Amino acid sequence: MEAWHRRPEPISLSAAEVRATGYPHEGDGTRVRVLMPHLVSYTEHIELEGVVEGWTPRAVRVRATHPDGRTVTAWVWASAVKRLDKPPSEPTSGRPRR
């Protein structure tokens, strides 16, 4: 299985760029081959350390520090989270602390 998934998205001229090219006309259905720019992104899973900000029975909202220094927050599946340590007053249930 590949570790990433391509997500190509076409990049269009902005409305201002189109206006600067002249008056737009409707197409007549002429078939063409076009070299269209695309932004290709992919998904990569990065293991970070963070803190739980919220949870549901199946998902956890985590605030973490990204390797580039940014603070990031995201909801992830509960199975993607591993408790690092348990405070002494924490009950023995598998639920994250509130």
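The rules behind each value
Residues numbered from 1 in each chain as written. Predicted model: local features only at pLDDT ≥ 70, side-chain atom pairs only at ≥ 80, totals over all residues. Heavy atoms only, no water. Pairing = 2+ DSSP bridges. Helix = DSSP H or I, 4+ residues; strand = E, 2+ residues; numbered from the N terminus. Axes fitted to C-alpha atoms, helices over the stretch in contact; angles between N-to-C directions.

**Student:** Kindly report on the sheet that holds strand β4 (residues 59-65), identifying the contributing residues and their values.
**Tutor:** Strand order in the open sheet formed by three strands is β3-β4-β5, with antiparallel pairing between adjacent strands. The strands lining the two open edges of the sheet, one partner per strand, are β3 (50-55) and β5 (71-77). Adjacent strand axes in the sheet meet at a mean angle of 25 degrees when their direction is disregarded. Where β3 and β4 come together, five bridges link them in antiparallel fashion. Bridging across to β4, glycine 54 finds its partner in arginine 61.

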